[in-house]
Amino acid sequence: MSAFTFRFRERAVDGPSVSPLRKQHNRVMLQFSLLLLLSLVPPLEAKDTGNTTFTSLPFKMRLPDSVRPLHYDLLIHPNLTFLNFTGSVQIQLEVQQETKHIFLNSKNLHISKALLLGSRHPHLLQLQESEYFEQIAVSSESLMFTRGLHVIQLDFSANLSDTFHGFYKGTYTTRSGEIRALASTQFEPTHARAAFPCFDEPAFKANFSIRVRREPRHISISNMPKLKTVELAGGLLEDHYDVTVKMSTYLVAFIVCDFLSISKRSQHGVEISVYTVPEKISQAEYALNTAVTLLDFYDDYFDIPYPLPKQDLAAIPDFQSGAMENWGLTTYRESGLLFDPERSSTSDKLGITKVIAHELAHQWFGNLVTMQWWNDLWLNEGFAKFMEFVSVNITYPELQVNDYFLEKCFTAMGVDSLSSSHPISTPVENPAQIREMFDDVSYQKGACVLNMLRDFLSPEAFKMGIIRYLKNHSYQNTVNADLWYSLTNICQSDDLDSGRLKADGFCSDSKSRMSASKWYMDDDLNVKAIMDTWTLQEGFPIISVEVKGREVYLKQERYLKGADPAKNSSFLWQVPLTYITSSSSSVQRFLLKNRKDVLYLPAEVEWIKFNVDMRGYYIVHYEAGGWDALIRQLQRNHAVFSGNDRASLIHNIFQLVSIGKVPLNKALSLSLYLRYETEIMPVMQGFSELVPLYKLMEKRDMAALEHQLKSYLVNLFQRLIDAQRWSDEGSVSERMLRNYLLLFACVRRYEPCVRTAQELFQKWKESDGKMRLPADVRLVVYTEGARTEKGWDFLLEKYRQTLYPSEKSQIKAALSYSPLTDKLKWLIERGLEGDILKTHELPSLVISVSKNPKAYKLAWDFLRSNWQKLVKKFDLGSSSISRMVVGVTNQYSTREKLVEVQLFFSSLEQGMGAGLRSVQQALENIEENIRWMEKNVPLLTDWLNSHST
């Protein structure tokens with residue numbers, strides 16, 4: 001946004017005016033001391049006090065960099081009776097250029113006093129505020145802020161937020177039905193300013209001294225260890241915390257609650273604790289042991305000691321995000337942290353392990369080294385997502401985490417194939433744009449291009465490069481180029497790395513190693529030139545391959561769904577190609593730098609398979625009989641290809657159908673081999689490509705074709721479905737596949753599955769829920785039970801009663817799959833109230849209902865009629881809003897629905913979501929569905945008719 005002069009409100013800040021509400025509280029609290037009285041007063045609305053004048057001041061979206069914070073001394077006092085808080089902050093500043101005004105961020109805070117602290121006496125400052133820019137400016141008519149150090153003090157108050165960001169209120173219900181309150185923080189990306197006035201941009205790193213006032217019935221937790229607790233008048237306690245390391249405001253955290261904790265010390269001497277509501281403390285042990293293992297792993301892997309003396313993990317009952325990496329105090333949804341061996345599924349264990357690995361990776365990537373601005377958010381999130389898989393694969397190999405990495409790349413490609421996608425590194429300015437960066441491109445695509453780069457450089461060189469990056473930029477901010485520089489000329493780097501590199505033999509044997517990993521032997525390796533093509537432009541390439549004898553002709557173009565081919569004409573990538581052939585399983589490498597090129601084989605081959613194990617972020621089209629040869633090989637002996645290779649072939653060919661490169665019948669012919677498939681990735685990818693086809697039909701009047709396709713799928717996977725046992729035995733991947741297969745079979749009314757599920761549900765219901773169901777098939781049993789009114793009501797009552805997050809999430813999913821539309825309508829509406837279903841669970845519930853063929857209209861109607869409330873609760877541009885917009889609409893495939901969606905979002909004001917990227921994605925998805933159906937329904941009908949059994 002361009003800089004322009006903005007009208008703002010100016011008020012003298014020599015104290016607040018007294019509202020009738022404040023007077024009422026004063027009378028009620030008269031018996032308490034003045035200090036306690038002030039701490040309990042609810043904040044005024046942000047109104048002008050004194051004489052109001054309107055002048056002009058050049059507020060801009062970004063703060064000037066000529067004033068930098070060095071240290072914050074922050075006092076915060078939440079009151080959990082009145083659900084408000086007061087506070088005071090002293091900020092030591094370095095003024096680098098003389099100025100009349102100091103700009104900083106503030107949102108929805110009533111600032112009652114602003115002072116410049118000096119050697120003699122404090123100097124009262126005037127406050128000028130821009131609500132639009134979420135900023136204030138402090139100044140004085142009688143002085144200039146000269147170059148050098150200054151300290152300002154700001155006293156403030158506000159209501160605890162009733163959203164899930166800033167300093168917000170939360171509640172939980174005990175087993176006896178008592179509702180208890182807590183206050184917690186969620187500051188990323190731009191919400192620290194709603195808790196205290198600050199320089200709320202990631203580059204303004206500073207140290208923080210934090211004090212928290214509380215009642216004796218509560219505890220407080222913050223980023224650093226507690227130094228002492230001081231007793232105050234009126235029975236209050238004040239916790240003083242150690243000074244933090246230098247860090248960004250979005251990483252500050254404090255919680256006031258009545259949680260309990262368990263603790264353990266890591267091998268490197270870090271005190272690790274898990275906090276949760278008292279009645280759930282028995283579910284904290286797995287997270288504690290996992291955090292110890294993973295923090296020690298990262299400490300060794302990065303060769304940089306974790307810089308804080310403690311790491312707390314807190315399970316927050318009301319939490320919108322999956323988790324948050326606040327330095328020294330990571331916060332999680334309860335379902336992302338709490339685990340019970342008897343009740344939690346294998347999927348729960350894998351998910352909890354991954355999310356802990358993700359947040360602890362952030363302690364280095366993001367916290368120690370932070371992106372300069374939110375345009376490079378991927379430097380935080382892409383790395384954390386990538387390290388999540390690296391770390392868990394090494395520390396918990398039994399979880400088979402690598403089986404699930406591929407799905408992240410496919411998910412990213414689904415978004416990245418649209419015109420509304422964006423480069424990994426994208427200019428952003430206002431808070432809504434920043435929040436939209438927390439998407440599959442920053443997370444999943446970021447991780448996938450890092451995985452491609454690791455394979456390109458070799459794992460050893462990549463590891464050394466990222467260690468170099470972290471060491472060179474500790475406690476600083478970075479841009480893309482800093483990472484690429486750190487990954488270039490590894491063996492010619494400075495003294496920081498060379499000893500370690502030579503010690504493990506990497507550099508001393510660099511010639512032979514680089515011959516295996518370097519792609520153009522005679523070229524200088526220019527990592528920046530390669531990776532700029534992947535991070536500074538959106539999308540990804542399709543590589544067309546045509547084999548003529550021993551010559552392989554290669555061509556690249558952008559893969560783009562939609563009707564505008566002009567948008568892909570100028571895109572060019574440097575693509576690290578890998579391939580195997582029918583005559584050699586040895587991985588060969590070739591760096592494609594141009595739009596077209598030719599490589600030469602030592603002999604003619606029957607088939608060639610590119611993108612080995614899908615380590616590259618591109619898809620491949622095999623022209624001139626290339627697909628036919630691969631299909632023949634799959635039908636003859638699919639085990640020649642790895643599970644990831646088989647999954648990528650399934651993915652690629654169906655994506656090529658979408659853009660008209662391959663006819664649908666050829667893709668369906670490839671899928672026939674799946675009746676003999678047993679590995680989770682290719683099976684799940686087969687479902688991922690085929691199930692959405694009948695989901696489109698469920699929302700149109702196409703019952704005959706819909707049921708024909710469903711019957712084909714049941715028949716295709718019947719052999720594998722029949723092989724499943726209703727137990728928890730087997731490897732992690734086998735158990736997760738079992739859950740999916742049996743759920744699919746029962747939802748499709750496959751009689752053997754339905755019969756067993758009904759019998760188990762009846763026995764479980766008769767035991768009043770006390771009979772133990774195998775954790776990995778419990779969702780299947782619940783889903784069958786939720787089909788009847790009595791079963792649905794029984795499940796809802798168990799949902800209310802259980803203290804196990806894993807059970808809650810499974811019951812919630814089962815309830816949403818029910819065909820009982822009146823029940824679902826009631827449940828969604830209660831989710832908005834937050835009394836039965838926690839409101840942070842609402843987005844996933846709405847999306848789940850939108851997939852329900854009996855209730856999908858409910859989800860869209862709910863989204864439209866409650867849009868204002870949802871935006872207020874979840875924040876414009878947040879992942880919750882974006883997921884609902886796309887998730888609720890992405891199975892529509894009629895022009896009537898397209899117009900309906902267009903009209904609704906176009907009727908919104910700009911500040912209420914009209915310009916959201918997710919809206920553009922939703923519309924593009926519907927348009928793509930329409931094109932697909934118009935072109936392929938006749939082909940699908942003919943193919944199914946010729947392959948019916």
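The structure presented is a predicted model; accordingly, all values stated were derived computationally and were not measured.

What counts and what doesn't
Residues numbered from 1 in each chain as written. Predicted model: local features only at pLDDT ≥ 70, side-chain atom pairs only at ≥ 80, totals over all residues. Heavy atoms only, no water. Helix = DSSP H or I, 4+ residues; strand = E, 2+ residues; numbered from the N terminus. Buried < 20%, exposed > 50% of the residue type's maximum accessible area, 1.4 Å probe, protein only. Contact = heavy atoms within 4.5 Å. Areas by Shrake-Rupley, 256 points an atom, 1.4 Å probe, with all protein chains shown as cover. Axes fitted to C-alpha atoms, helices over the stretch in contact; angles between N-to-C directions. Parallel < 35°, antiparallel > 145°, perpendicular 65-115°, else oblique. Nonpolar A, V, L, I, M, F, W, Y, C, P; charged D, E, K, R; others polar. Phe/Tyr/Trp six-rings, centres within 6.5 Å; stacked < 30°, edge-to-face > 60°. Pairing = 2+ DSSP bridges. Core = buried A, V, L, I, M, F, W, Y, C linked by side-chain atoms within 4.5 Å. Disulfide = S-S within 2.5 Å. Expected span 1.5 Å × (residues − 1). Salt bridge = Lys/Arg side-chain N within 4 Å of Asp/Glu carboxyl O. pLDDT = per-residue confidence, 0-100.

**Student:** I'm lost on the overall build of the chain in this one. Help?
**Tutor:** A count of helical and extended segments in the chain gives 31 helices and 32 strands. Each of the 949 residues in the chain was classed as buried or not, and the buried ones make up 61%. In the chain, once contacts between residues fewer than 6 apart in sequence are set aside, the share between residues at least 24 apart is 72%. By element, 49% of the accessible surface of the chain is carried by carbon and sulfur atoms, the whole surface being about 36200 Å².

**Student:** So what exactly am I meant to see when it comes to the packing of helix α20 (residues 732-747) against helix α21 (residues 751-766) here?
**Tutor:** Any two packed helices are characterised by the angle at which their axes cross and by the distance between the axes. At a minimum axis separation of 8 Å, α20 and α21 run at an interaxial angle of 100°. Taken together, the axes of α20 and α21 are roughly perpendicular relative to one another. On α21, the residues touching Leu742, Ala745 and Cys746 of α20 are Cys753, Val754 and Ala757. Split by residue class, the contact of α20 with α21 holds six nonpolar, no polar and no charged.

**Student:** Just checking my understanding: could you explain the environment of Tyr618 for this structure?
**Tutor:** Locating Tyr618 in the fold gives a position in the loop between β31 (608-610) and β32 (619-622). Judged by its relative accessible area of 0%, Tyr618 is buried. As a C-alpha pair, Tyr618 and Gln556 span 62 residues in sequence and 9.7 Å in three-dimensional space. If we ignore the near neighbours within four places in the chain, the residues touching Tyr618 are Met413, Phe540, Pro541, Ile543, Val575, Pro576, Leu577, Thr578 and Asn611.

**Student:** Before we go on, may I ask you to explain the packing of aromatic side chains in this structure?
**Tutor:** The geometry of an aromatic ring pair is captured by two quantities: the separation of the ring centres and the angle between the planes. For the coordinates displayed, the defined rule picks out 53 aromatic pairs. Consider the rings of Phe164 and Phe874, whose centres lie 5.7 Å apart with planes at 25°: the pair is stacked. Here Phe164 is found in the loop between β11 (148-159) and β12 (166-173), whereas its partner Phe874 is found in helix α28 (residues 867-874), with 710 residues between them in sequence. The same class applies to Phe164 as to Phe874, namely buried. Chaining the aromatic ring pairs together yields one cluster made of Phe297, Tyr298, Tyr301, Phe302, Tyr306, Trp364, Phe365, Phe383, Phe386, Phe462 and Tyr469.

**Student:** Would you take a moment to explain the sheet that holds strand β26 (residues 541-548) for this structure?
**Tutor:** Strand pairing in a sheet relies on backbone hydrogen bonds, with the paired strands running either antiparallel or parallel. With respect to topology, four strands assemble into an open sheet ordered β30-β27-β26-β32, the strand pairing being mixed. Sheet topology places β30 (596-600) and β32 at the edges, where each strand pairs with a single neighbour. Ignoring which end each strand starts from, the neighbouring axes of this sheet average 25° apart. Of the strand pairs in this sheet, β26 and strand β27 (residues 551-558) are connected by eight bridges, and their pairing is antiparallel. Counted as the bridge partner of Ser544 is Lys555 from β27. Along the sheet, helix α15 (residues 643-658) makes contact with β26 and β32, crossing β32 at roughly 70°.

**Student:** When you look at the nonpolar core in this model, what are you seeing that I'm missing?
**Tutor:** For soluble globular proteins, nonpolar side chains are generally found buried alongside one another. Counting residues in each nonpolar core, the largest one holds 313 residues, and the members touching the most others are Phe196, Phe199, Phe254, Ile356, Leu554, Phe610 and Trp867. Of the residues forming this core, the biggest block, eleven residues, is contributed by helix α31 (residues 917-946). The contacts of Phe199, once residues within four sequence positions are left out, are Leu63, Val67, Pro69, Tyr72, Ile91, Leu93, Ile102, Phe103, Leu104, Asn105, Phe204 and Thr249.

**Student:** Whenever I open this one, the state of the cysteines confuses me. Can you help?
**Tutor:** Per the stated rule, a full pass over the model turns up two disulfides. A sulfur-sulfur distance of 2.0 Å marks the disulfide that ties Cys409 to Cys448. Since a negative S-S torsion denotes a left-handed disulfide, the Cys409-Cys448 link at about -105° is left-handed. Note that Cys409 is positioned in helix α6 (residues 405-416) and Cys448 in helix α8 (residues 440-457), a separation of 39 residues in sequence. Summarising the burial analysis for this pair, Cys409 and Cys448 share the class buried.

**Student:** Even after reading the chapter, I still don't get the environment of Leu845, so can you show me in this structure?
**Tutor:** Its place among the elements puts Leu845 in helix α26 (residues 842-850). Judged by relative accessible area, which is 1%, Leu845 ranks as buried. C-alpha of Leu845 to C-alpha of Ser809: the two residues are 36 residues apart in sequence and 9.9 Å apart in space. What Leu845 contacts, discounting residues up to four positions off in sequence, is Lys812, Ser816, Leu827, Ile828 and Leu837.

**Student:** Any chance you could explain the environment of Trp826 here in plain terms?
**Tutor:** Position of Trp826 relative to the elements: it lies in helix α25 (residues 821-833). Setting aside anything within four residues of it in sequence, one finds Trp826 in contact with Trp792, Leu796, Arg800 and Ile836.

**Student:** Please explain the pairing of β32 as it appears in this structure.
**Tutor:** Side chains on a regular strand alternate between the two faces of the sheet. Judged by which residues are buried, β32 turns out to be covered on both faces: Ile619 and His621 on one side and Val620 and Tyr622 on the other are all buried. Where β26 and β32 come together, four bridges link them in parallel fashion. Considered in β32, the bridge of Val545 is made with Tyr622.

**Student:** I tried to follow the sheet that holds strand β29 (residues 584-592) on my own but got confused; where do I start?
**Tutor:** Sheet architecture is open: three strands sit in the order β29-β28-β31, paired in antiparallel fashion. Across the chains shown, the open sheet's two edge strands, defined by having one partner strand only, are β29 and β31. Averaged over all pairs of adjacent strands, the angle between strand axes in this sheet comes to 25°, irrespective of strand direction.

**Student:** What is the right way to look at α21 in this model?
**Tutor:** An α-helical turn contains 3.6 residues, so any two residues separated by three or four positions project in the same direction. In this model α21 runs 23 Å from its N-terminal to its C-terminal C-alpha over 16 residues, within 8% of the 22 Å that 1.5 Å per residue would give. In this fold, the buried residues of α21 make contact with α20, α22 (778-785) and α23 (789-801). Following α21 by one or two positions, Asp768 adopts a phi angle in the positive range, close to 60°.

**Student:** Please explain the pattern of salt bridges as it appears in this structure.
**Tutor:** For side chains of opposite charge, pairing can occur when their charged atoms come near one another. Scanning the model with the defined rule gives 57 salt bridges in all. Residues Glu407 and Lys408 are paired through a salt bridge, measuring 3.7 Å at the closest nitrogen-oxygen approach. Judged by its relative accessible area of 35%, Glu407 falls in the partly exposed class. The salt bridge partner of Glu928 is Arg931, with a shortest N-O separation of 3.3 Å. Taken together, the residues Glu928 and Arg931, both in helix α31 and three residues apart, mark about one turn of the helix.

**Student:** Any chance you could explain the confidence of the model for the chain here in plain terms?
**Tutor:** Parts of the model with low pLDDT should not have their predicted coordinates read in detail. Averaged over every residue, the pLDDT of the chain is 90; the share at 70 or more is 90%. Scored below 50 in pLDDT, residues 1-55 shows 109 contacts in the model against residues more than four places distant or in partner chains. Within the model, pLDDT remains below 50 along residues 495-506, and this stretch shows 28 contacts once partners closer than five positions in the same chain are excluded.

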